[in-house]
Structure formats: C-alpha cells, structure tokens
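The lines below spell out each chain.
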Amino acid sequence: MKLHVRINGEARELEIAPGAVLGDVLRQLGLTGTKMGCREGHCGSCMVLVNGKPMNSCLLLAAKVEGAEITTIEGLGDVRNPHPIQEAFVEAGAVQCGFCTPGMIISTKALLDNEPHPSLERVREALSGNLCRCTGYAKIFDAVRIAEHKLAKASGNGKSTRRPHRP
Amino acid sequence: MTKTAGTKKTSARPEPNAARETRVVGKPVPKVDGLSLATGRAKFTADEIPPHCLVGMLLLSPHAHAKIKSIDTSEAEKLPGVRAILHHGNVPRIAHTTAGQGFPEPSPWDTFMFDNKVRYVGDRVAAVAAETRDIALQALKLIRVEYEPLPAVFDFEEALKPGAPIIHDEPDITSFLPFDPKRNLAAWAKADVGDIEKGLAEADVVVEGEFETHYYAHAPIEPHVTLTYLDPDGRLVIRTSTQVPFHCRRIVAQTLGIPVRQIRVIKPRLGGGFGGKQEILLEDVCAMLTLRTGRPVLMELNRAQEFTSSRTRHPMRMWAKMGVKKNGEVTAIDFRGILNTGAYGSHGLTVLTNVGSKCLGLLRCPNVRFDGKTVYTNLPVGGAYRGYGATQGMMALGQLIDEAARAIGMDPVEFCLRNHIRAGETHPIFRALGEGREGVDMTIASCGLAECIRLGAERFGWKQRRGKGASMPGPIKRGAGMVILMQGSSIPEIDMAAAIVKLNDDGSVNLYSGATDLGTGADTILAQIVAETLHIPVSDVILTVADTDNSPFDTGAYASSTTYLSGEAARRAAVDLLENMRQVAAEALDVSPEKLDVGEKCFYVHGNPRKTISYEALARRALYSRNQQQLVGHASAISHVSPPPFAAHFCEVEVDTETGVVRVVKYVAAVDCGVPINPKLAEGQTEGAVLNSIGAALMEEYLFNDDGRMLNPTFNYYKLFTPGETPLVETILVPTHEPTGPYGAKSVSEISTNGPLPAIANAIYDAVGVRLRKAPYTPERVLEALEAKRKAEHS
Ligand code: FES
Ligand code: FES
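Owing to the predicted nature of the structure, the values given are computational and were not obtained by experimental measurement. (Residues numbered from 1 in each chain as written. Chains lettered and ligands numbered in written order. Predicted model: local features only at pLDDT ≥ 70, side-chain atom pairs only at ≥ 80, totals over all residues. Heavy atoms only, no water.)

Considerations on the overall build of chain B
Then, number 1: Within chain B, the secondary structure is distributed over 20 helices and 26 strands.
Then, number 2: Relative to its length of 795 residues, chain B is compact, with a C-alpha radius of gyration of 27 Å against a globular reference of 28 Å.
Then, number 3: With 795 residues in all, chain B has 65% of them scored as buried.
Then, number 4: Sequence-distant contacts, at least 24 apart, represent 80% of the contacts inside chain B between residues at least 6 apart.
Then, number 5: By element, 52% of the accessible surface of chain B is carried by carbon and sulfur atoms, the whole surface being about 26,600 Å². (Helix = DSSP H or I, 4+ residues; strand = E, 2+ residues; numbered from the N terminus. Rg over C-alpha atoms; globule rule 2.2 N^0.38 Å. Buried < 20%, exposed > 50% of the residue type's maximum accessible area, 1.4 Å probe, protein only. Contact = heavy atoms within 4.5 Å. Areas by Shrake-Rupley, 256 points an atom, 1.4 Å probe, with all protein chains shown as cover.)

Encoded structure:
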C-alpha cells in the first residue's frame, strides 16, 4: 500500500507492507538513527516525533501515520550542523553508548518545544519513556538544562533554532 | 624504576610515568564519537545491512533439561524463502566455550554450536535463515522437535547432592582446570592464608551469616546482534556487537573449523555491553548460516531472548564469617560460597576466584580462607558482568563489615579507615587466587581509599545521617550505610594490548588499536593519551579501532583493562613515534636529537625556540624529500600487576515499614581511579554502574516457575529505573597517581557496581534493624524480615 508522509520536512510517497511498523519503514529508508531496543514499546530508543508528539515507532503501524509530519533524530541536525540539544548532550557527557540518545533527544525536543523552562520534575516525567542503561541519567538531566539555556540564548538572539532540512 | 609492562624496545628517552602537568589528559574532553551518536549518524551493527541480507533466527528450548530424540525440518524447508536450517545433526560438533577470554580460556569447553541435549529453557535447538523475519518465524514453528524431558535441578546445593541429575554427561567436554561435570561442578577454587582457626579463636567477636545474590540481567539497550557476509574474496566478515573482536575471531574459527585468516571481525558502535558481550553468542551460528547460503545474514536477539538466552549475573550463595577484636582489628575472614553458572560454565571459574581476590584483600587480615565451588544448574547461563565476582563477594563482606563494626560499637567509617589495605602493602590472597593460574603478588602502589572514605563521609553527611532516622515518627524510617570497595585494572600476566600510531602529511596521526569501545568512551581516552604524548590536539588523532584486519591485537574490553592497558599501549606507541620523529627533526634542524624540545605540534631547539620544525614540515620531509620513510610508532603492553581502583560508597534509604518499599534518597560514590584521563567520562562510568546495581538491589530479578522458565523476560515486568523514578548519584573523584598506568590512570568502569548491594542493605539495617541477606531487597522480603524481627522481639 501507499503511504504519504513528510519526513524531516520532505514530502514522501512510500510503498509499504500493510503490517509494517513506522520504525522499520524509517530504518529501511536509511534513517537508522531511530533504534530498536525492545520492539515492545518499553525502551523509547525508537522514539520519533509524529506531528510534534513523541511516539514509539516500534509499535506504531506506518499506515496509521498517513499524512503526518515525522521528525527523526536525523531531522534535527547533523555532525556539521547539530541541533543545540544534540550539542548539549555531548557537552554534558550524556552520551555513553549512544543507543538511547536519539530517543532521549527526541523526547527532550518535544518537551522544550512546549515548555522552554521545565522543572526537573517535568524533565523526569517527560523522559520517563526512555530507558538508559549506561549513564545513570544524571548527565542526561544536565544535558536538558544545558539545551534549555542554549535554546533560550538562541531565541533571545532572534536566531531560529529550526534547522534547515536538507534532502 | 617501577615494574611496568614489557615493550618491544626501550625508546631513546623513556618518558617516565611520573606525575606531570597535562594538557588534555585529565580534562573533560567531549567524546570523539559524541556528535555522530547524538545526531543518529553513527553506525551500530544493525544500521548497515547489505542488500539481499537474510534474517537468522534461533529456535530455543522450551525444556529445562531434555534429550532431543529427533528433529524434523522437512516442513520448514519446504516453506518458500527458507534458505538454511542448522541443528545438531548438520553442524560440526566442536566443544568450546562461549566465554571470550584469553587463550586457553579458563572456562570449560562444555558448549557445542548445537547439541543433542538442551540444558535450560532458552538453550539453542536450531537456527533458520530466511528471506524475511516473517518467513523465519514461520519456519521456526514448522520445525518438529521430539524431546525426551529429563529431571532438572535448579538449586545450587541440590545440584551438588549425590543422585542429582547430571547436566553435562557428554564425554567430549574438557577443561584444563578443576572440573568435575559428573558432580555438576564446573570449577572450584580454594585459598588458605595464615591460620583461620587461630584467627577465629583470637577474636573477641565473630559475626557470620548466609548471603545470597540473584539472577539479574545486563540489559544493554542494544541487544546482541551480529551481521555476517562474505567479502569479494570469499572471506567471512563478522560485524558484531562484541567486547572481544579478537577472541571472537579465534573462537568462531575454532567452532566452524576454519582458519583464523578466513575471518575478519569488525566492531562498529556498540549499544552497551557490561560484560554480556564478552561472549561468542550469535557469531558462530550467524557465520555458519552465511557459509551455508553464501548470503549476508543478520541475527538479533529479541528482548525476551536477551533475558533468557544471553548471559546473566552468576547468582551466589555465600557463608561468611569474620573475627574481630574489640579494638577493631580483624583477625580472620572465612568465606565459603557456591556460584551458580547455570547450564554452561562460561566465566565460572574466574568469576569465582574474583570473589576472593577482589574482596578478601581489601582488609588487612592475616588469616583468610576461601572455599568456592561453581555448579551447573538447569537455569540461564552466567557470564561476565561488570564487577565480576566482586559484586557478589562484597554483598556479603560489605554487610559483615557493618555487622562487625556494630558488634564492637565502632563506627564503620572508623573501622574501614583502620583496616583497609594501604599503598606499600600487599595481601597474600593476591598470589593465592589467580584467573586460571596462580595469582600475582602485588604491592599496592597507589591507594586513595582513606581520602575516599573521609571526603565521601563529609559530602554525604555521615555523622548527621547515620543512626538518626530509625526514630523518625510515622511508618517511614531513614537509615545510612556505607561500604568500601576495590577492583583491579587488567588481568596481570595474561592481558595484552598493542597499538600503532602513524604520522600523516599534515602532522595528524592515525591510531590503530584493538581496544573496544562499548560506549564507555575508550576511543576518547585513547585519543587523549595519544594527543597528550605527541602534543597535538585530540582532533588530530584519527582512530581505526576494533577491526581484526586493521587493528593490532588487543584482548578486549573486560577486566577493567582498556584505559590501563590499551591506554598504556597507545601511550608507548605514541612515544615510539615521537622518538622517530625526533630523529627526523634533528636531521632537518642539524642538531643532535637530545637538543630538541617538543612544543605544540613542533620540535624546537632547546633554549632557541625560534629554531623549530613543525610536525607538518617534518612529515612532508619524511614522506616526500629526504631520507624518505613512513614514520610510525608501535608498542605492546602487558601488565605485571592489576592495580586496584578503590572506592567508598555512602547511601541513605527510606524504608516504608508498612509497604516494605525501600527508596534510595542519597548516594555518594567517592572513587580513586588514579588520574582520571577524562573526569566527565569517569563520573559517567560511576553513575551508570551505581544505578545498575541500585536496580539490582531493589527490583531487578529473574522470576522462574517450577519448570525453570523465566516469567518476566520483558521490560514491562523486569523493571529498570526510568528517568522518572531514578535516584541520582553524586560522584567524587579522588585522584591518586598510579605509577604503572598511563599518565597515572587506573580503571573505573567496574568498581562502583559493587557498592549498592551492601551499602543499601547496611542502610536498611540502620533504618529498621533488619538484615537483608538475600537480594534483591524487595518489599516482600523487607516486610518478611520486619515481621520476623517483631516476632523475635515478642517471644
Ligand atoms: S524499540 Fe520501541 S520502545 Fe523499545
Ligand atoms: S547511553 Fe547507552 S543506553 Fe543510554
């Protein structure tokens, strides 16, 4: 069947199997920053933004996102032009193996888009669907704080934090 | 001259490992792979799948113990899209161990790719390669296996009784170490120093108890995953999530019966290992499927299989006794234990000996006895797990220390300060217990434990918290506990690491190393060490690592060896290159080499900083004009000692006496890891290790039914801490300078895993006066213990 979506800003028409989950569809497109840690909806490593909302792409049928706007970790930035949240995670030492990191960053993005200055309690809540086995989370919370400041500074400068999407 | 690793040659100017000012070592340099990971661009094993790749899947045993009477694959073979099926009837029968250890492995060769018998629920029965996941899954359902169930044994002690079912009765298994499979004994180890009876007799007080640690999982977020394919020359390439690329190559060659030269192992980015990937689990089967089909094959454990069929923490039942005098002197420690290795003996001996060597040497005590056995049971298989025996041993010993201190009315902080091993001292247990051979006598060269204890106690507020929360009004009580720890850095006289550094046109370098970064930051640490040694920025170090075709040998990422040993190899290789560069610089500047000093990316003449040659200029000279040559440095490092890092952990808990729920409210870990090459990464290692074990102490546990089947192989019922409820750990790094380590470094990754089990138990006792000798400390166990205490008080 056909699926029409915007992925990282680009309109796509895709041929998918009816039972395919979004995560597999994205990975087959080469967007492998979306990880699959459990395929059971418990770890958050497969998280992407669907119309701005963080969702686990391992259980989500691709057919269900017809017409949606999907943002994956690749859509935020790349090594030469990283998103401030991506920079913040590196600066804070919040990346160890990095397998949970894309999902963590997606959750952080969703949070900070809606609440530019969340309390620690809100950060904990917002990231609750993302498991990390390496860091002990302390540095991930630091990263969210650093990202908050970076984004506030950027918007204070009138600079957009929206990254241009590249094909 | 300190006793350090051997090197292929002594350089003209051996750079002593003395403490000195550093530019990039000791700094929180961002991870070299940080941005590629954070942007989702870094490639893990499953992220680069070649075209026409098949999906490999395992058929696992539903029985804890059974003979396979027959396997009928005819229906499955008929299914379109099925390309190969493997089982015991059609693969070579070669006894080996899955433990990725040095050769010869000190684990019994008790495993076959597939066997005609299954020994636990989750054991391998067969494998399928098919065009798609769905076809593979369907094919698994069509394989008809006839089992003859056998009596199974699940308890440590039952397994040792005469008449217990024999789990390994096959004649073709071997071990060069103590091994008696007819009695379900996978290994044993004993050590006796001093006179234990005399020591116990001299004591004013003897404390003792039975303790038990449990089955729990590494649970890396990336499960075990392997991709195999044939390169254009027909060589087998294994791209895999492994901590041990070189052992993987050797063991796969052995199990497939093909030469090592036919195999290349590549470790891409790796999503966490914690010891669980120091194991050859999927690689042999996946490779065999590729050899049979000529096609690429991807195999990945699903989350349930990751729990049941990878590796776990070896559970241990321990009986420990400690004698102390009223003044706090420890006169005797008697330690007996049975380690449960499950159905196969992977790491069964060495985890056992580490229980002794990493715990019993921590205290000054002349009389020590260790008596350990490793038993087979029909349960999931133990393996290497961060902490490696020390976690189990400290769960018991850390509680005994608390009990002993209480028994003589001494604060455990004082007790630990009085008794811990110090720099300049040794302990006979180091020699008595090795890893498959005799241990190594070792004098402690650096020890910051006293500082760790003092600084940790102060930051934690030990005086304000200890003994203060038991009388809180209401059902919730608070308590504080502490523990001291040590680990090692590499396996002495066994581990080896090598490195090559090559100079490029522009003065940058390539570092070739077999070190295996499993997310720990090893690549960054190595780059920092090379950058420091050569006086170049970290960005000038280009890494080629963990690829058996393109990296020199390294035993791999285990035994807390990477920073200490692979780091030392990298440092020496860089020194070697620097000296070769110095010769060229001297030629170019027409001075003798000793007259040259090293500046930022240049050499200059001592006392005449304007007479200088940049690395770029000297590289170009060497590559293109005079006395042409490729400038390289290379070195190997082995260790003669295993310098322990030390730590003191402090923990405060809240115990709800009505529900039994224990909550960690404060946790401080003070760690001496020598010079932390990268403090931010060292903190990260500590925080992750502590949280891993707080989870193990409070909630992570395999639950089995009466048939040995795990009931909770999903994150839904096997809970890890989430960001929502996680306690936060405070880390204090207490630097010392380890003369045998690169820039004074020791290890950091494992030690802090060992703290939470005893520290939390001690804190619970402080809060409510009950001792939890069986982990995890779940609400049911806490309530049970409180009930027992109430009854005892009323009778
Ligand atoms: S892979 Fe989707 S939640 Fe784990
Ligand atoms: S960094 Fe490894 S799981 Fe989070």
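Description of the interface of chain A and chain B
Then, number 1: Listed as interface residues are 48 residues of chain A and, on the opposing side, 51 residues of chain B.
Then, number 2: Summing both partners gives a buried area of about 3,900 Å² for chain A against chain B, and 59% of it is carried by carbon and sulfur.
Then, number 3: Taken together, chain A and chain B are joined by five salt bridges.
Then, number 4: Those elements that place two or more of their residues in the side of chain A that touches chain B are helix 2 (73-76), helix 3 (84-92), helix 4 (101-114) and helix 6 (138-156) of chain A.
Then, number 5: Ranked by the residues each element gives to the side of chain A that touches chain B, the list is headed by helix 3 of chain A, at five residues.
Then, number 6: When the residues that make up the side of chain A that touches chain B are grouped by side-chain class, the tally is 21 nonpolar, 16 polar and 11 charged. (Buried area = accessible area lost by both parts, 1.4 Å probe. Salt bridge = Lys/Arg side-chain N within 4 Å of Asp/Glu carboxyl O. Nonpolar A, V, L, I, M, F, W, Y, C, P; charged D, E, K, R; others polar.)

A short note on the packing of helix 10 (residues 390-407) of chain B against helix 11 (residues 412-419) of chain B
Residue and element names in this part refer to chain B.
Then, number 1: At a minimum axis separation of 9 Å, helix 10 and helix 11 run at an interaxial angle of 110°. Between helix 10 and helix 11, the crossing angle belongs to the class labelled roughly perpendicular. For the pair formed by helix 10 and helix 11, the contact residues are Ile-401, Asp-402, Ala-404 and Ala-405 on the first element and Pro-412, Phe-415 and Cys-416 on the second.
Then, number 2: Counted by class, the contact of helix 10 with helix 11 contains six nonpolar, no polar and one charged residues. (Axes fitted to C-alpha atoms, helices over the stretch in contact; angles between N-to-C directions. Parallel < 35°, antiparallel > 145°, perpendicular 65-115°, else oblique.)

A closer look at the packing of helix 3 of chain A against helix 6 of chain A
Residues and elements named next belong to chain A.
Then, number 1: Viewed as axis vectors pointing N to C, helix 3 and helix 6 meet at an angle of 135°, and their least axial separation amounts to 8 Å. Relative to helix 6, helix 3 is oriented oblique. Here the hand of the crossing between helix 3 and helix 6 comes out right-handed. On helix 6, the residues touching Pro-84, Ile-85, Glu-87, Ala-88, Phe-89, Glu-91 and Ala-92 of helix 3 are Lys-139, Ile-140, Asp-142, Ala-143, Ile-146, Ala-147, Lys-150 and Leu-151.
Then, number 2: Here the contact of helix 3 with helix 6 is built from residues that sort into 10 nonpolar, no polar and five charged. (Left-handed = near helix turned anticlockwise from the far one by under 90°.)

Description of the sheet that holds strand 24 (residues 646-656) of chain B
Strands pair in a sheet through their backbones, by hydrogen bonds, and they do so in one of two ways: parallel or antiparallel.
All names here are of chain B.
Then, number 1: What the four strands build is an open sheet, ordered 16-24-25-26; its pairing is mixed. Single-partner strands in this sheet number two, and they are strand 16 (476-486) and strand 26 (729-733). Within the sheet, the average angular offset between the axes of one strand and its neighbour, ignoring direction, is 15°.
Then, number 2: Along the sheet, helix 13 (residues 449-460) contacts strand 16, strand 24, strand 25 (662-672) and strand 26; its crossing angle with strand 24, the most-contacted strand, is approximately 30°. (Pairing = 2+ DSSP bridges.)

What about the domain arrangement of chain B?
Many authors give the size of an interface as the accessible area that is lost as the parts come together.
Residue and element names in this part refer to chain B.
Then, number 1: Under the domain assignment used here, chain B contains domain 1 (8-30 + 496-638), domain 2 (46-150 + 224-300) and domain 3 (316-491 + 641-794).
Then, number 2: Between the C-alpha centres of domain 1 and domain 2 there is a distance of 39 Å.
Then, number 3: Domain 1 puts 19 residues into the contact, and the matching count from domain 2 is 22 residues.
Then, number 4: When the area that domain 1 buries against domain 2 is broken down by residue, the three leading residues are Leu-518, Thr-548 and Tyr-558, summing to 39%. (Domains from an automatic or database assignment.)

Comments concerning the domain arrangement of chain A
Residue and element names in this part refer to chain A.
Then, number 1: Annotation of chain A at the domain level lists domain 1 (2-75) and domain 2 (84-155).
Then, number 2: Its C-alpha centre places domain 1 at a distance of 21 Å from the equivalent point of domain 2.
Then, number 3: On the domain 2 side, the residues contacting the 16 residues of domain 1 number 12 residues.
Then, number 4: A per-residue breakdown of the area domain 1 buries against domain 2 is headed by Met-47, Leu-49 and Ile-73, which together make up 45% of the total.
Then, number 5: Taken together, the connections running from domain 1 to domain 2 amount to zero salt bridges.
Then, number 6: At the boundary of domain 1 with domain 2, the tally comes to four residue pairs in polar contact (both at pLDDT 80 or more).
Then, number 7: Residue contributions to the side of domain 1 that touches domain 2 peak at three residues, all from strand 3 (residues 47-50).
Then, number 8: Each residue belonging to the side of domain 1 that touches domain 2 can be placed in one class, and the counts come to seven nonpolar, eight polar and one charged. (Polar contact = N/O pair within 3.5 Å; in protein donor to acceptor, adjacent residues only side chain to side chain.)

Quick notes on the confidence of the model for chain B
Then, number 1: Confidence in the prediction of chain B, expressed as mean pLDDT, is 96, and 98% of residues score 70 or more.
Then, number 2: ipTM for the predicted complex: 0.95, alongside a pTM of 0.96. (pLDDT = per-residue confidence, 0-100.)

Description of helix 4 of chain A
All names here are of chain A.
Then, number 1: When the terminal C-alpha atoms of helix 4 are compared, their 20 Å separation across 14 residues agrees well with the 20 Å that a helix rising 1.5 Å per residue should span.
Then, number 2: Within helix 4, 12 of the 14 residues are buried, which leaves the element mostly enclosed by the surrounding structure.
Then, number 3: Among all positions in helix 4, only Thr-101, Pro-102, Gly-103, Met-104, Ile-105, Ile-106, Ser-107, Thr-108, Lys-109, Ala-110, Leu-111 and Leu-112 are buried. (Expected span 1.5 Å × (residues − 1).)

Description of unusual backbone geometry
Residue and element names in this part refer to chain B.
Then, number 1: For the bond running from Phe-103 to Pro-104, omega is -5°, close enough to zero to count as cis.
Then, number 2: Mapped onto the secondary structure, Pro-104 falls in the loop between strand 3 (82-87) and strand 4 (117-118).
Then, number 3: With omega at -5°, the peptide bond leading from Ala-775 into Pro-776 counts as cis.
Then, number 4: Mapped onto the secondary structure, Pro-776 falls in the loop between helix 19 (756-768) and helix 20 (779-794).
Then, number 5: Phi is positive for Ala-219, which is not a glycine, with a value near 50°.
Then, number 6: Tracing the chain through its elements places Ala-219 in the loop between strand 8 (205-213) and strand 9 (225-230).

What to know about the pairing of strand 12 (residues 297-300) of chain B
Residues and elements named next belong to chain B.
Then, number 1: Bridge analysis of strand 1 (residues 54-60) against strand 12 gives three bridges, and the strand direction is parallel. Each bridged residue has a counterpart across the sheet, and for Leu-54 the counterpart in strand 12 is Val-297.
Then, number 2: Pairing analysis gives four bridges linking strand 9 to strand 12, with the strands arranged antiparallel. Across the sheet, Val-225 pairs through a bridge with Glu-300, a residue of strand 12.

A short note on the side chain of Arg124(B)
All names here are of chain B.
Then, number 1: The residue Arg-124 is located in strand 5 (residues 124-130) in this model.
Then, number 2: Here Arg-124 falls in the buried class, since its relative accessible area comes to 14%.
Then, number 3: A polar contact is formed between the side chain of Arg-124 and the side chain of Asp-284, at a distance of 2.9 Å.
Then, number 4: Those residues in contact with Arg-124 that lie beyond four places of it in its chain are Leu-58, Leu-59, Leu-60, Phe-112, Met-113, Phe-114, Val-118, Ile-280, Leu-281, Leu-282, Asp-284 and Val-285.

Some words on the nonpolar core
Residues and elements named next belong to chain B.
Then, number 1: Grouped together as the largest cluster of nonpolar side chains are 201 residues, with contacts concentrated most on Met-322, Leu-534, Phe-603, Leu-618, Ile-760, Ile-764 and Tyr-777.
Then, number 2: Contact partners of Leu-618, with chain neighbours within four places excluded, come to Leu-503, Met-581, Val-584, Ala-585, Phe-603, Ile-613 and Leu-631.
Then, number 3: By size, the runner-up hydrophobic cluster in this structure holds 32 residues, among which are Leu-86, Ile-238, Ile-251 and Ile-491. (Core = buried A, V, L, I, M, F, W, Y, C linked by side-chain atoms within 4.5 Å.)

Some points on the sheet that holds strand 11 (residues 263-266) of chain B
Residues and elements named next belong to chain B.
Then, number 1: Read across the sheet, seven strands follow the order 3-5-1-12-9-10-11 without closing on themselves; strand pairing throughout is mixed. Only two strands of the sheet have a single neighbouring strand rather than two, namely strand 3 and strand 11. Going across the sheet, the axis of each strand differs from the next one's by a mean of 20°, ignoring polarity.
Then, number 2: Strands in contact with helix 7 (residues 283-293) are strand 1, strand 3, strand 5, strand 9, strand 10 (236-240) and strand 12; relative to strand 9, the strand with the most contacts, it is inclined by about 30°.

Overview of the packing of aromatic side chains
In this description, a pair of aromatic rings is defined by centroid distance and the angle of the planes.
Residue and element names in this part refer to chain B.
Then, number 1: Evaluation of the coordinates by the stated rule reveals 17 aromatic pairs over all chains.
Then, number 2: A ring pair is formed by Phe-307 and Tyr-702, whose centres lie 6.1 Å apart and whose planes are at 70°; its orientation type is edge-to-face. Here the residue Phe-307 occupies a position in helix 8 (residues 303-309), and Tyr-702 occupies one in the loop between helix 18 (679-698) and strand 26, the gap between them amounting to 395 residues. Each member of the pair, Phe-307 together with Tyr-702, is buried.
Then, number 3: Judged by centre distance (6.3 Å) and plane angle (40°), the ring pair of Phe-460 and Trp-462 falls under tilted.
Then, number 4: Ring pairing ties together the aromatic residues Tyr-215, Phe-307, Tyr-702, Phe-704, Phe-715 and Tyr-718, which thus form one cluster.
Then, number 5: Geometry around Phe-112 places Arg-93 over its ring, the cationic atom sitting 3.8 Å from the centre.
Then, number 6: Above the ring of Phe-460, the side-chain terminus of Arg-465 is found at 5.5 Å from the ring centroid. (Phe/Tyr/Trp six-rings, centres within 6.5 Å; stacked < 30°, edge-to-face > 60°. Lys NZ or Arg CZ within 6 Å of the ring centre and 35° of its normal.)

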